[in-house]
Amino acid sequence: FLCTGHTSAMEALLARLKSEQGCKQVQLLKPSMGGAIHTSAIEPARQAFLGKLERLQSQMSPPKLDMYLGSEARPKIERGTNPKEFIDELAQQLVQPLNWEKAIQRMLKDGIVQFYECGPLQQLKGMMKRIDEAAYESMLCMDHVVTNVKEKPR
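Right, let's walk through the structure included here. (Residues numbered from 1 in each chain as written. Predicted model: local features only at pLDDT ≥ 70, side-chain atom pairs only at ≥ 80, totals over all residues. Heavy atoms only, no water.)

## Points about the packing of aromatic side chains
Basically, it comes down to this: Here a Phe, Tyr or Trp ring, Trp counted by its six-membered ring, pairs with any other such ring whose centre lies within 6.5 Å, and the pair is stacked when the planes are under 30 degrees apart, edge-to-face when over 60, and tilted otherwise. By definition, being over a ring means that NZ of Lys or CZ of Arg is both within 6 Å of the ring centre and within 35 degrees of the ring normal.
Considering all chains together, one arrives at 0 aromatic pairs under this definition. Directly above the aromatic system of tyrosine 136 lies the positively charged group of lysine 125, at a separation of 5.2 Å from the ring centroid.

## Some thoughts on helix H2 (residues 43-56)
Note the following rule: Strands are runs of DSSP state E lasting at least two residues, helices are runs of H or I lasting at least four, and both sets are numbered from the N terminus onward. By this rule the span expected of a helix is its residue count minus one, scaled by 1.5 Å. Here's how the labels work: a residue is buried when its accessible area is under 20% of the maximum for its type, exposed when over 50%, partly exposed in between, all with a 1.4 Å probe on protein chains only. As used here, the arc is the angular range of directions from the helix axis to the C-beta atoms.
For H2, built from 14 residues, the straight-helix expectation of 20 Å at 1.5 Å per residue is met to within 8% by its first-to-last C-alpha distance of 20 Å. Taken together, the buried positions of H2 are occupied by Arg46, Leu50, Gly51 and Leu53. The buried residues of H2 occupy an angular sector of 165 degrees when projected down its axis, which confines them to one face. Exposed and facing more than 90 degrees away from the buried side of H2 are Pro44, Lys52 and Arg55.

## A short note on the pattern of salt bridges
Oppositely charged side chains may form a pair once their charged atoms are brought near each other. Spelled out, the test is: Salt bridge, as applied in this entry: a Lys or Arg side-chain nitrogen positioned within 4 Å of an Asp or Glu carboxyl oxygen.
Inspection of every chain in the model, using the stated rule, returns 4 salt bridges. Here arginine 46 makes a salt bridge to aspartate 88, at a shortest N to O gap of 3.9 Å. Taken together, the residues arginine 46 in helix H2 and aspartate 88 in helix H3 (residues 87-92) connect sequence positions 42 residues apart. On the accessibility criterion, aspartate 88 (39% relative accessible area) is partly exposed. Through salt bridges with shared partners, a single ionic network connects Glu43, Arg46 and Asp88.

## So, helix H4 (residues 100-109)
Condition: What makes two residues a contact is simply this: any of their non-hydrogen atoms within 4.5 Å.
Among the residues of H4, those classed as buried are Ala103, Ile104, Arg106 and Met107. The arc that holds the buried residues of H4, viewed along the axis, is 155 degrees, so those residues lie on one side. Buried residues belonging to H4 abut strand S1 (67-68) and helix H5 (123-131). Phi turns positive, to about 95 degrees, at glycine 111, one or two residues after H4.

Following this line, the structure appears as structure tokens:
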């Protein structure tokens, strides 16, 4: 699980969890992006992002593929949807908790079988292992950008 918030709140949570049965491996990670993402703490970033999206809206095309969001309000945006109908939801994801597991389960239910992780450290792949073993096995991580070693699809 991943929790974000103000440093003092995260330190208090860490202390509490370390005393709980089964939580001995819990640790505090310093955010690489420098913020409490998916919380109200970055509301100014959401507003700035939404402003940029609104200014660029006239240049945006409808998505060519379905888009899956990690939010509960509207988990899937159908291909061909006018961007005006979903730009607020894109910005909202910055300040709302995301449910990665439900988003992946929706994709699997819709027949998606190949997943790609574009960032380093294979964090999403690690979560995928707990969600669906077959999806985990077929998932490709693009770490070759850093390691110069390319995975092969299975």
